[in-house]
Amino acid sequence: MSNDTTSDKNSFKLATKFIHAGAEPDPSTGAIMTPIYQTSTYVQTAPGQHKGYEYARSQNPTRFALERAFAEIENAKFGLAFSSGVAATDAVIKLLVPGDEVIAANDMYGGTYRLFTKVFEKFGIKFIYVDTTNVSNIEQHITGKTKLIWIETPTNPLMNITDIAAVSAIAKAKNILVCVDNTFASPYLQNPIDFGADIVMHSATKYLGGHSDVIQGCLVMNDQKLRDDLYFIQKSCGAVPGPQDCFLVLRGIKTLHVRMQRHCENGAKIAHWLRQHPKVKKVYWCGFEDHAGYAVAKKQMRDFGGMMSFELKDETIEAANKVLSSTKLFALAESLGGVESLINHPASMTHASIPREERMKNGLSDSLMRLSVGIEDVEDLIADLEQAIG
Ligand SMILES: Cc1ncc(COP(=O)(O)O)c(C=O)c1O
């Protein structure tokens, strides 16, 4: 049973690709929408005689349709779906053996850092955290044991940008895998496989699902052996999503392009508005021409998205708390990428698992606030921030 995608679909333009990704009329009825195959097993006519489906942890038609979609929207050959973003990350690290080394970004989602330091270090895998925005920092730390480079771009929450093509070129020369967490950009803005990455990871919980109603993860890759190894881990460790969740993400993907267009428009307006606000000290958004990663972002992204962080001139935690608890439209919540706008306090919420001194060293202050700008009317969003910042 293979979930290889057809190559002609990879040549579609973006909107066509997102609407048709993974979709084939259901063979038994012609249903245009992929049915939710809510089953745990499949009947065999005689031992070993079946239609390619034996047990739903290993094979499920709804999940296969989604896995084809993941591959198509990331210009890859293969996709694999997981029960969460961290389960997808977990599967990638399980490709390694004790003694292997991973070079990872020093500014990334706190849950990834927690998985690396608290779960995998004790199995003898070594993680070296560097500022990956400067590719020479990566080069300096490569040893004969380096097996994987893990990058996130743009990063959560500081919106730092790493040059995917430059990192991939260095890695390829030394036979090291590159995995890119593409959650913040989404496949609408960036396709890391096109720049030489080996694996792309998503928290599908975010822009792919798009409606804050599902937890899910995804991996895509081009190499058949890598796909087979990761499929083996997927079925052996069992972190597969249920068919209902796969259906929700398949549906989410169909509108990714129109949602992302509005996330980008609203994001640009809010970033510029915040930047000129007298009470705001700094706005972290990779669409500013003076952002350190702007040139690279322009090269590898189609637009700049709706994720940003900011700090007030009054850097006290009390001032930040006042904003965080005063917004009415921006809901104070973890997560991102849904149609509704969210505000988040990384130090106490999404990045609380990173020790304070480590956070501060990497520029993630106690008063930093992160926005996931949704697709509401931007005037209403600005009015909400205006009244909250005061
Ligand atoms: C950039 C990034 N990567 C990975 C994850 C983990 O994904 P999940 O929450 O679906 O396990 C998140 C979740 O916030 C994230 O923001």
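Since this is a predicted model, take the numbers as computed values, not measurements.

1. Re the sheet that holds strand β12 (residues 369-372)
Across a sheet, paired strands are connected by hydrogen bonds in the backbone, their directions being either parallel or antiparallel. Strand order across the open sheet formed by five strands is β8-β9-β12-β11-β10, with mixed pairing between neighbours. Only two strands of the sheet have a single partner each, and these edge strands are β8 (280-284) and β10 (331-332). One ladder, built from four bridges, connects β8 with strand β9 (residues 307-312); its direction is antiparallel. Across the sheet, Lys-282 pairs through a bridge with Glu-311, a residue of β9. Relative to the sheet, helix α12 (residues 317-324) contacts β9, β10, β11 (342-344) and β12, its axis offset from that of β9 by approximately 135 degrees.

2. Topic: helix α10 (residues 256-275)
In a regular helix each residue adds 1.5 Å, so 20 residues correspond to 28 Å; α10 covers 28 Å between its end C-alpha atoms and thus fits that length. Among all positions of α10, only Leu-256, His-257, Arg-259, Met-260, His-263, Cys-264, Asn-266, Gly-267, Ile-270, Ala-271, Trp-273 and Leu-274 are buried.

3. Observations regarding the packing of aromatic side chains
Each pair of aromatic rings is reported with the distance of its centres and the angle of its planes. Taken as a whole and assessed by the stated rule, the structure comprises 10 aromatic pairs. A centroid spacing of 6.4 Å and a plane angle of 40 degrees characterise the contact between Phe-18 and Tyr-188, whose relative ring orientation is tilted. Of this pair, Phe-18 sits in helix α1 (residues 14-20) while Tyr-188 is found in helix α7 (residues 186-189), placing the two residues 170 residues apart along the sequence. Residue Phe-18 is classed as buried on the basis of its relative accessible area, which comes to 1%. Taken together, a centroid distance of 5.2 Å and an interplanar angle of 50 degrees make the contact between Tyr-113 and Tyr-129 tilted. Residue Tyr-113 is located in helix α4 (residues 110-120), and its partner Tyr-129 is located in strand β3 (residues 126-130); the two are separated by 16 residues in the primary sequence. Taken together, the aromatic side chains of Trp-285, Phe-288, Tyr-294 and Phe-304 make up a single cluster linked through ring pairs. The ring of Phe-288 is capped by Arg-275, whose NZ or CZ atom sits 3.9 Å from the centre of that ring.

So, how was this worked out
- Residues numbered from 1 in each chain as written.
- Predicted model: local features only at pLDDT ≥ 70, side-chain atom pairs only at ≥ 80, totals over all residues.
- Heavy atoms only, no water.
- Pairing = 2+ DSSP bridges.
- Helix = DSSP H or I, 4+ residues; strand = E, 2+ residues; numbered from the N terminus.
- Contact = heavy atoms within 4.5 Å.
- Axes fitted to C-alpha atoms, helices over the stretch in contact; angles between N-to-C directions.
- Expected span 1.5 Å × (residues − 1).
- Buried < 20%, exposed > 50% of the residue type's maximum accessible area, 1.4 Å probe, protein only.
- Phe/Tyr/Trp six-rings, centres within 6.5 Å; stacked < 30°, edge-to-face > 60°.
- Lys NZ or Arg CZ within 6 Å of the ring centre and 35° of its normal.

In short, geometric facts, not functional conclusions.
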